[in-house]
Amino acid sequence: MAGALTKKKKIGYAFGIFTESLIYNMFYTYYLTFLVEIVGIAPKYSSIVIFISIVWDAITDPIIGNYTDRGGVDKRKVMKSALLPLGIVFIVAWTSFGAGLTSQTLKIILYTFISMCIWIFYTMYTIPYYAVVAELTEDYDERTNIRSIASLLNAGAVGLGNVLPALVPTVAILLGERFSSNSYAVIAAIISILAVVLGFVCVNSLKGVYTPKPVIAGAPKSTMKDTLKTFGEILRMKPTKFFLLFVFFFLTASSMIQSNLTYMVVDCIGIDYDTGIVYVIVSMVLSMAIIVPIVEKVAEKTDRRTASIIFLTITMVGEIVAKLVGLDATVGNFKIMTVVCAALLGMGAGTFWTFFYSMGYDLVELDEFKTGKRRESTITALPQLIQKFGSAFGILMAGQLLSAYGYDSSKDTAGSESLITVVTDPHIVGGMENISTVIPAAFLAVSIIALIIYPMTRKTFNRLMDALNKKRAGEEYSTEGLEKLI
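What comes next is a walk through the structure. Bear in mind the structure is a predicted one, so any value in this text is a computation, not a measurement. (Residues numbered from 1 in each chain as written. Predicted model: local features only at pLDDT ≥ 70, side-chain atom pairs only at ≥ 80, totals over all residues. Heavy atoms only, no water.)

**Quick notes on the overall build of the protein chain**
Let me state the cut-off plainly: Secondary structure counts use DSSP, requiring at least four H or I residues in a row for a helix and at least two E residues in a row for a strand, with both numbered from the N terminus. Atoms counted for the radius of gyration: C-alpha only. Globule rule: 2.2 Å times residue count to the power 0.38. Type-normalised accessible area, obtained with a 1.4 Å probe on protein chains alone, sets the label of each residue: buried when under 20%, exposed when over 50%, and partly exposed for intermediate values. Residue contacts are counted whenever heavy atoms from the two residues lie within 4.5 Å of one another.
Check the secondary structure of the protein chain and you find 19 helices and 2 strands. The C-alpha radius of gyration computed for the protein chain amounts to 22 Å, which stays within 12% of the reference 23 Å derived for 486 residues, consistent with globular compactness. Seen through its C-alpha atoms, the protein chain measures out along the principal axes to roughly 70 × 45 × 40 Å. Burial statistics for the protein chain: of 486 residues in total, 60% are counted as buried. For the protein chain, restricting intrachain contacts to residue pairs at least 6 apart in sequence, the fraction spanning at least 24 positions comes to 85%.

Below you can see the structure in the form of structure tokens.
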């Protein structure tokens, strides 16, 4: 740790969430639709393209985590070096030059490769971005506060990452028929510029408050074998397995809903896309903005685990109720589920992203207590790896289920400026509704159960820090009350 972690520094750091979230949200919400409707890849193969690229992202997490944990490696420089390549590759990923190919195989290979490139640079930025907080402060509530500021700003990032791509039909009209299929690329360029600029703001905010770990003379370099060994040590810690189950199943549920958002609006709710997506995004963003300070206050009164259980349970129950009521329900002439379903998604996302990384940071101190080492990036990489697998699995499930329910519009709309063709088959519509409600609710239930079993509470963390500080000082310490952790 270096200089004072002022409010200004915290906000500057928090703006870095835009870099991660803008890219993340446009990709997760719209890339499946883009590949199906514009490039012309069938849903079952489009979901595989996304699955492979995100799994690749998960594989690179421990590699980059291992590197940025080494002495002498400046996390700021790693983040900075990733920004421009990330912006450029992201724009390329949304261009429609592959739509003219007749071979599904060539399209799959091309867009899989491009997507994999996105995630390499994304990971180079996000691993050190999230890991650095564990080096800035060890205070339980300050960590929550930093993540809460980022989560609040993330509501705006989620909004931009979803609302700007929703303007694709309008941009297509402005571009004209000849260039309309590249309207996504225009939006991606705007997203990329914002992501790169705000990423630089974040990097600059860390000046004076972050100092790279020193190089220890004679210390062997950490290798991938060491990283895998570290993963094994972390997985053997009692809280880890339940925390990772919580992460995996929440992201499965969330990404399944998010990737199906377009179909939910047009086919399940049955509202014009241009109007419906505005209601959905505004409701989701407002829900996140409202819920973040609320969950932070609840966490201050109780702890992060309790707050997460409360609000994720409300989200799960809400999804089930939405299915029972029907996504096409109206109040007067208004399609009420454009607001309700989006608010539920916002509540779940706001809760998860406020606490996810803060809960992961707690494992850093537990690992240090057991091994004597601080491995912030590697420990951040493991939950991120599981996060990516959960997200990839959710999108894969959404694409496979769309095909299983009989949906495939790629032959009719590939390369067209039309975003989507309305589905009238009740079996397909019912399937799309399940993908947005009861199926993710089932995954969310598993996530909540894992969280209930997760033993790291405020009380146990404070006991851990008391013992750790005594151990650092060479004093006698007790492990009483830490049995569930160690």
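Alright, that's what it looks like, and here's the rest.
**Looking at the packing of helix H2 (residues 17-39) against helix H3 (residues 43-68)**
Where we set the bar: Between the N-to-C directions of two axes lies an angle of 0 to 180 degrees, each axis being a line fitted to C-alpha atoms and, for a helix, fitted only over the stretch in contact. Just so you know how the angles are binned, under 35 degrees is roughly parallel, over 145 roughly antiparallel, 65 to 115 roughly perpendicular, and the rest oblique. Crossing handedness is defined as follows: a turn of the near helix away from the far one that is anticlockwise and smaller than a right angle gives a left-handed crossing, while the clockwise case is right-handed.
Across the interface, H2 lies against H3 with an axial gap of 8 Å and an inter-helix angle of 135°. When the axis of H2 is compared with that of H3, the two are oblique. Where H2 crosses over H3, the handedness of that crossing is right-handed. Where H2 approaches H3, its residues Phe27, Tyr28, Tyr31, Leu32, Leu35 and Val36 are matched on the opposing element by Pro43, Ser46, Ser47, Val49, Ile50, Ser53 and Ile54.

**Some words on the nonpolar core**
Applied cut-off: As used here, the term nonpolar core means buried Ala, Val, Leu, Ile, Met, Phe, Trp, Tyr and Cys residues forming a set that is joined through side-chain atoms within 4.5 Å.
Ranked by size, the top nonpolar core spans 159 residues in total, and within it Tyr13 and Trp94 carry the most contacts. When residues no more than four places from it in sequence are discounted, the contact partners of Trp94 are Met26, Phe27, Tyr30, Tyr31, Phe34, Asn182, Tyr184, Ala185 and Ala188.

**Focus: the packing of aromatic side chains**
So the rule is basically this: Geometry of aromatic contacts follows a simple scheme: Phe, Tyr and Trp rings, the Trp one being its six-membered ring, pair when their centres are within 6.5 Å, and the pair is stacked under 30 degrees between planes, edge-to-face over 60, tilted otherwise. The rule for a charge over a ring is simple: NZ of Lys or CZ of Arg within 6 Å of the ring centre, and within 35 degrees of the ring normal.
A full pass over the atoms with the stated rule returns 37 aromatic pairs. Ring geometry for Phe243 and Phe246: centres 6.2 Å apart, planes at 45°, overall tilted. Of the two residues, Phe243 and Phe246 are both situated in helix H10 (residues 238-259); the distance of 3 residues between them amounts to about one turn of the helix. Classification of Phe243 as buried rests on a relative accessible area of 0%. Directly above the ring of Phe369 sits Lys471, whose terminal nitrogen or CZ lies 4.9 Å from the centroid.

**Description of a positive patch on the surface**
Counted only if it meets this: What makes a patch is a set of residues exposed beyond 30% relative accessible area and free of salt bridges, joined within 9 Å when like-charged and within 5 Å when nonpolar (Val, Leu, Ile, Met, Phe, Trp, Tyr). Here, Shrake-Rupley sampling with a 1.4 Å probe gives the accessible areas, and only protein chains in the shown set may cover a residue. What counts as a salt bridge is simple: a side-chain nitrogen of Lys or Arg found within 4 Å of a carboxyl oxygen of Asp or Glu. Neither His nor the chain termini are counted; the positive set is Lys and Arg, and the negative set is Asp and Glu. One atom stands in for each charge, and that atom is NZ of Lys, CZ of Arg, CG of Asp or CD of Glu.
A contiguous patch of positive charge on the surface is contributed by Lys225, Lys229, Arg236, Lys238, Lys241, Lys370 and Lys373. The element best represented in the positive patch is helix H9 (residues 224-236), accounting for 3 residues. For Lys229, the position within the fold is in helix H9. By relative accessible area, Lys229 is classed as exposed at 54%.

**Comments concerning empty space enclosed by the protein**
Spelled out, the test is: Computed over the protein atoms alone on a 1 Å grid, cavities are sets of points where a 1.4 Å probe fits but cannot get out and pockets are open sets with protein on both sides within 12 Å along at least five of seven lines; a residue lines them when it has an atom within 4 Å of a point. Grid points are joined across faces, edges and corners, and a volume is the space filled by probe spheres set on the points. For this classification, Asp, Glu, Lys and Arg are treated as charged, while Ala, Val, Leu, Ile, Met, Phe, Trp, Tyr, Cys and Pro are nonpolar and the rest, including Gly, are polar.
With the rule as written, the count across this model stands at 3 cavities of 30 Å³ or more. Its volume calculated, the largest cavity comes out at about 160 Å³. Lining the largest cavity are 16 residues, with Tyr24, Asn25, Val158, Ala349 and Trp353 sitting closest to its centre. Taken together, the elements giving at least two residues each to the lining of the largest cavity come down to H2, helix H6 (140-163), H10, helix H12 (273-301) and helix H14 (337-371). Residue composition of the lining of the largest cavity, by class: 10 nonpolar, 5 polar and 1 charged. Estimated volume of the second largest cavity: approximately 70 Å³. Residue lining of the second largest cavity: 13 residues in total, with Phe250, Ser254, Ile257, Thr315 and Leu444 positioned closest to the centre. Breaking the lining of the second largest cavity down by element, the ones donating at least two residues are H10, helix H13 (304-325), H14 and helix H18 (438-453). Residue classes in the lining of the second largest cavity are distributed as 9 nonpolar, 3 polar and 1 charged.

**Description of the environment of Lys213**
With respect to the helices, strands and loops of the structure, Lys213 is situated in the loop between helix H8 (183-205) and H9. Along the primary structure Lys213 and Arg70 are separated by 143 residues, whereas in three dimensions their C-alpha atoms are 7.4 Å apart. Excluding anything up to four places from it in sequence, Lys213 contacts Asp69, Gly71, Gly72, Glu135, Arg374, Arg375 and Glu376.

**Notes on the environment of Leu402**
In this structure, Leu402 sits in helix H15 (residues 376-404). For the pair Leu402 and Phe246, spaced 156 residues apart in sequence, the C-alpha to C-alpha distance is 25 Å. Beyond its immediate sequence surroundings of up to four residues, Leu402 is in contact with Leu32, Pro43, Asn260, Tyr263, Tyr407, Met432 and Ile435.

**Topic: H18**
Selection criterion: Helix span, as expected, comes to 1.5 Å for every residue beyond the first.
Along its 16 residues, H18 runs 23 Å from first to last C-alpha, staying within 8% of the 22 Å computed at 1.5 Å per residue. Listing the buried residues of H18 in full gives Pro440, Ala441, Phe443, Leu444, Ser447, Ile448, Ala450 and Leu451. For H18, the secondary structure elements touched by its buried residues are H10, H13, H14, H15 and helix H17 (426-436).

**Here's the deal with a nonpolar patch on the surface**
Taken together, Leu160, Leu175, Val186, Ile190 and Leu194 make up a surface patch of nonpolar side chains, about 320 Å² in accessible area. Counting residues per element, the nonpolar patch draws most heavily on H8, at 3 residues. By secondary structure assignment, the location of Leu194 is in helix H8.

**With respect to the side chain of Ser447**
Looking at the secondary structure, you find Ser447 in helix H18. Setting aside chain neighbours within four positions, we find Ser447 in contact with Leu245, Phe246, Phe249 and Phe250.

**Focus on the pattern of salt bridges**
This model, assessed by the stated rule, comprises 12 salt bridges. For Lys75, the salt bridge goes to Glu135, with nearest N and O atoms at 2.6 Å. Linking Lys75 in helix H4 (residues 75-93) with Glu135 in helix H5 (residues 104-136), this pair joins segments that are 60 residues apart in sequence.

On their own, these measurements won't tell you what the molecule is for.
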